[in-house]
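# Observations on chain architecture
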Amino acid sequence: MNQKLNKGKRKINLSLGFACIHSTFNNTIISITDPKGNVITWASAGSSGFKGSRKKTQYAAQMAAKNASAKALKLGIKKVGVILNGPGNGREIAIKGIHATGLEIISIEDKTGVPHNGCRAPKRRRV
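Keep in mind that this is a model prediction, so the values were computed, not measured.

### Some remarks on the sheet that holds strand β5 (residues 104-110)
Pairing is mixed across the open sheet formed by 5 strands, whose spatial order is β3-β2-β1-β4-β5. On the outer flanks of this sheet lie β3 (39-44) and β5, each paired with one strand and no other. Neighbour-to-neighbour, the strand axes of the sheet open up by a mean angle of 20 degrees, direction not taken into account. Where strand β1 (residues 16-23) meets strand β2 (residues 28-33), 6 bridges bridge the pair, whose relative direction is antiparallel. Looking at β2, one finds that Ile21 is bridged to Ile30. In the packing of helix α1 (residues 58-74) onto the sheet, contacts are made with β2 and β3, and the angle to β3 comes to roughly 155 degrees. Docked against the sheet, helix α2 (residues 91-100) engages β1, β4 (79-85) and β5, running at close to 150 degrees with respect to β1.

Given below as C-alpha coordinates:
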(Lines give C-alpha, C1' and ligand atoms only; values in the text may rest on other atoms or scores of the structure.)
Protein backbone atom coordinates (compact mmCIF):
# COMPACT_ATOMS: atom_id res chain seq x y z
CA MET A 1 0.00 0.00 0.00
CA ASN A 2 1.43 3.31 -1.09
CA GLN A 3 -0.26 5.84 1.12
CA LYS A 4 1.12 9.20 2.08
CA LEU A 5 1.44 9.80 5.78
CA ASN A 6 -0.50 12.79 7.05
CA LYS A 7 1.99 14.54 9.33
CA GLY A 8 0.08 17.75 10.06
CA LYS A 9 1.53 21.06 11.24
CA ARG A 10 4.80 20.97 13.11
CA LYS A 11 5.08 22.76 16.44
CA ILE A 12 7.88 25.29 16.71
CA ASN A 13 9.23 26.46 20.05
CA LEU A 14 11.01 29.54 18.74
CA SER A 15 10.44 33.11 19.74
CA LEU A 16 13.10 34.62 17.47
CA GLY A 17 13.35 34.56 13.68
CA PHE A 18 14.29 36.53 10.58
CA ALA A 19 11.99 38.16 8.04
CA CYS A 20 13.68 38.21 4.63
CA ILE A 21 12.04 40.70 2.26
CA HIS A 22 12.94 40.19 -1.39
CA SER A 23 11.51 43.14 -3.27
CA THR A 24 11.76 43.33 -7.06
CA PHE A 25 10.12 45.69 -9.51
CA ASN A 26 7.41 43.09 -10.23
CA ASN A 27 6.74 41.32 -6.91
CA THR A 28 7.57 41.25 -3.20
CA ILE A 29 8.33 37.98 -1.38
CA ILE A 30 8.51 37.74 2.42
CA SER A 31 10.08 34.63 3.99
CA ILE A 32 10.17 34.16 7.75
CA THR A 33 12.98 31.86 8.86
CA ASP A 34 14.39 30.43 12.05
CA PRO A 35 17.84 31.62 13.25
CA LYS A 36 19.55 28.90 11.17
CA GLY A 37 17.89 30.14 7.97
CA ASN A 38 15.28 27.40 7.46
CA VAL A 39 12.08 28.88 6.04
CA ILE A 40 9.14 28.52 8.42
CA THR A 41 6.52 30.44 6.47
CA TRP A 42 6.36 32.71 3.46
CA ALA A 43 3.98 34.89 1.48
CA SER A 44 4.21 37.00 -1.65
CA ALA A 45 2.11 39.63 -3.33
CA GLY A 46 1.06 37.01 -5.90
CA SER A 47 0.04 34.48 -3.25
CA SER A 48 -1.97 37.20 -1.48
CA GLY A 49 -4.31 37.44 -4.45
CA PHE A 50 -2.80 40.24 -6.55
CA LYS A 51 -2.22 39.73 -10.26
CA GLY A 52 -0.37 41.58 -12.98
CA SER A 53 0.75 45.14 -12.39
CA ARG A 54 -0.97 45.27 -8.97
CA LYS A 55 1.62 42.84 -7.57
CA LYS A 56 4.33 45.51 -7.62
CA THR A 57 2.38 48.05 -5.55
CA GLN A 58 3.18 48.99 -1.98
CA TYR A 59 -0.24 47.87 -0.78
CA ALA A 60 0.35 44.36 -2.14
CA ALA A 61 3.68 44.20 -0.31
CA GLN A 62 1.99 45.27 2.92
CA MET A 63 -0.69 42.60 2.58
CA ALA A 64 1.93 39.91 1.87
CA ALA A 65 3.90 40.98 4.95
CA LYS A 66 0.79 40.84 7.11
CA ASN A 67 -0.06 37.35 5.81
CA ALA A 68 3.44 35.98 6.44
CA SER A 69 3.78 37.50 9.91
CA ALA A 70 0.29 36.34 10.96
CA LYS A 71 1.29 32.76 10.10
CA ALA A 72 4.53 33.20 12.06
CA LEU A 73 2.65 34.51 15.11
CA LYS A 74 0.51 31.36 15.11
CA LEU A 75 3.70 29.28 15.17
CA GLY A 76 5.05 31.17 18.18
CA ILE A 77 7.52 33.69 16.76
CA LYS A 78 7.48 36.99 18.63
CA LYS A 79 10.65 38.85 17.56
CA VAL A 80 12.18 39.16 14.11
CA GLY A 81 15.21 40.71 12.52
CA VAL A 82 14.46 42.12 9.07
CA ILE A 83 16.76 41.51 6.09
CA LEU A 84 15.99 43.61 3.00
CA ASN A 85 17.07 42.62 -0.49
CA GLY A 86 16.23 44.29 -3.80
CA PRO A 87 15.29 47.72 -5.15
CA GLY A 88 11.48 47.38 -5.35
CA ASN A 89 8.64 49.57 -4.13
CA GLY A 90 7.50 47.45 -1.19
CA ARG A 91 10.61 47.52 1.01
CA GLU A 92 9.68 49.97 3.78
CA ILE A 93 5.94 49.29 3.58
CA ALA A 94 6.54 45.56 4.15
CA ILE A 95 8.39 46.41 7.38
CA LYS A 96 5.37 48.44 8.50
CA GLY A 97 3.12 45.48 7.68
CA ILE A 98 5.23 43.14 9.80
CA HIS A 99 5.19 45.58 12.71
CA ALA A 100 1.41 46.12 12.41
CA THR A 101 0.64 42.44 13.09
CA GLY A 102 2.40 42.50 16.45
CA LEU A 103 5.85 41.10 15.70
CA GLU A 104 8.62 43.01 17.43
CA ILE A 105 11.36 44.15 15.03
CA ILE A 106 14.84 43.81 16.53
CA SER A 107 17.05 44.95 13.65
CA ILE A 108 16.88 46.01 10.01
CA GLU A 109 19.68 45.01 7.64
CA ASP A 110 19.95 45.90 3.94
CA LYS A 111 21.74 43.35 1.75
CA THR A 112 20.89 44.89 -1.63
CA GLY A 113 23.73 44.47 -4.09
CA VAL A 114 25.51 47.57 -5.38
CA PRO A 115 26.72 47.61 -9.00
CA HIS A 116 30.44 48.39 -9.21
CA ASN A 117 30.74 49.65 -12.77
CA GLY A 118 27.26 49.06 -14.14
CA CYS A 119 26.29 47.50 -17.45
CA ARG A 120 28.31 47.86 -20.61
CA ALA A 121 27.35 50.96 -22.58
CA PRO A 122 25.66 50.43 -25.96
CA LYS A 123 27.91 50.69 -28.99
CA ARG A 124 28.18 54.04 -30.71
CA ARG A 125 25.58 54.79 -33.37
CA ARG A 126 26.90 55.03 -36.94
CA VAL A 127 25.02 57.30 -39.30
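### Focus: the pairing of β5
Two elements, β4 and β5, share 5 bridges in a ladder whose sense is parallel. In the sheet register, Ile83 faces β5, and the bridge partner there is Glu109. Where the polypeptide runs from β4 across α2 and back to β5, its parallel neighbour, the crossover connection is right-handed.

What counts, and at which threshold
- Residues numbered from 1 in each chain as written.
- Predicted model: local features only at pLDDT ≥ 70, side-chain atom pairs only at ≥ 80, totals over all residues.
- Heavy atoms only, no water.
- Pairing = 2+ DSSP bridges.
- Helix = DSSP H or I, 4+ residues; strand = E, 2+ residues; numbered from the N terminus.
- Axes fitted to C-alpha atoms, helices over the stretch in contact; angles between N-to-C directions.
- Contact = heavy atoms within 4.5 Å.
- Right-handed = clockwise from strand over helix to strand, strands pointing away.

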